[in-house]
Amino acid sequence: MTDNQQNTKIIKIKTIFGRNCKVSEDNLLSHAKDCINERFVGGESLTTSAKTRAYVKLLIGEHEREVFYVIWLNNQHQVIKHGVLFQGTVDGAAVYPREVVKEGLSCNAAACILAHNHPSGESHPSQADIAITRKIKDALSVVEIRTLDHIVVGATVASMAELDLM
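Residues numbered from 1 in each chain as written. Predicted model: local features only at pLDDT ≥ 70, side-chain atom pairs only at ≥ 80, totals over all residues. Heavy atoms only, no water.

### Quick look at the pairing of strand 6 (residues 146-153)
In step 1: Here strand 6 lies mainly inside the structure; six of its eight residues are buried.
In step 2: Relative to strand 6, strand 5 (residues 111-117) runs parallel, the two sharing seven bridges. Across the sheet, the residue bridging to Ile113 is Asp149, located in strand 6.
In step 3: Taken together, strand 5, helix 4 (residues 127-142) and strand 6 form a β-α-β motif whose crossover is right-handed.
In step 4: As consecutive antiparallel partners, strand 6 and strand 7 (residues 157-159) are separated by three residues. (Buried < 20%, exposed > 50% of the residue type's maximum accessible area, 1.4 Å probe, protein only. Helix = DSSP H or I, 4+ residues; strand = E, 2+ residues; numbered from the N terminus. Pairing = 2+ DSSP bridges. Right-handed = clockwise from strand over helix to strand, strands pointing away.)

### Considering the side chain of Glu66
In step 1: Inspection of the secondary structure assignment puts Glu66 in the loop between helix 2 (49-60) and strand 3 (67-73).
In step 2: As a buried residue without a salt bridge, Glu66 has its nearest oppositely charged side chain in Arg65, at a separation of 11 Å.
In step 3: In this view, Glu66 contacts Phe86, Gln87, Gly88, Thr89, Asp91, Gly92, Ala93, His116, Asn117, His118 and Pro119; residues no more than four positions away in its chain are not counted. (Lys, Arg positive; Asp, Glu negative; His and termini not counted. Salt bridge = Lys/Arg side-chain N within 4 Å of Asp/Glu carboxyl O. Contact = heavy atoms within 4.5 Å.)

### Digging into helix 3 (residues 97-106)
In step 1: Among the residues making up helix 3, those that are buried are Val100, Val101, Glu103 and Gly104. Angularly, the buried residues of helix 3 cover 165° about the axis, an arc narrow enough to put them on a single face. With respect to the buried face of helix 3, the exposed residues turned more than 90 degrees away are Arg98 and Ser106.
In step 2: Where the residues of helix 3 are buried, they touch strand 3, strand 4 (79-87) and helix 4. (Arc of directions from axis to C-beta.)

### Points about the state of the cysteines
Covalently bonding the sulfur atom of one cysteine to the sulfur atom of another cysteine gives a disulfide.
In step 1: Inspection of every chain in the model, using the stated rule, returns zero disulfides.
In step 2: Between Cys107, a free cysteine, and Cys112, which holds the nearest cysteine sulfur, the sulfur-to-sulfur gap is 9.2 Å.
In step 3: Accessibility expressed as a relative area gives 0% for Cys112, which makes it buried. (Disulfide = S-S within 2.5 Å.)

### What about helix 2?
In step 1: In this model helix 2 runs 16 Å from its N-terminal to its C-terminal C-alpha over 12 residues, within 8% of the 16 Å that 1.5 Å per residue would give.
In step 2: Listed as buried for helix 2 are Thr52, Tyr55, Val56, Leu58, Leu59 and Ile60. (Expected span 1.5 Å × (residues − 1).)

What follows is the structure, encoded as structure tokens:
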């Protein structure tokens, strides 16, 4: 298959030796995700909202269906584990607080950051987003796992903590 058949854009980048190199956008994004995983899982801490938003946008921003994602953190806010817990359709995903709690306990998390995407492009959290966040936050607090933020990825990225919706 040619790059045009895959419907991906070819871009030019400079190598560390100063030479131009052609690479597909998809390939570049794949390598960027690998770099993020290496940097954050057990390494760097997610200590700023800007760093967290950039991390989450790269991980779930391109999904064509709604996905509910959780980043599990230790006491120093280093990533222990992350991944999609629930998948839905183009306009919603069923999320179960009980399953979120089970996952947090299984990796011995001290805190978490919730995230999901809006394939429609709308970034502002809906009333349903706010309600499920509160349910999950309450359920996790019973087992002493802090919920630091819920990030919504659309055309832009919204932090429910920054919007004071937590």
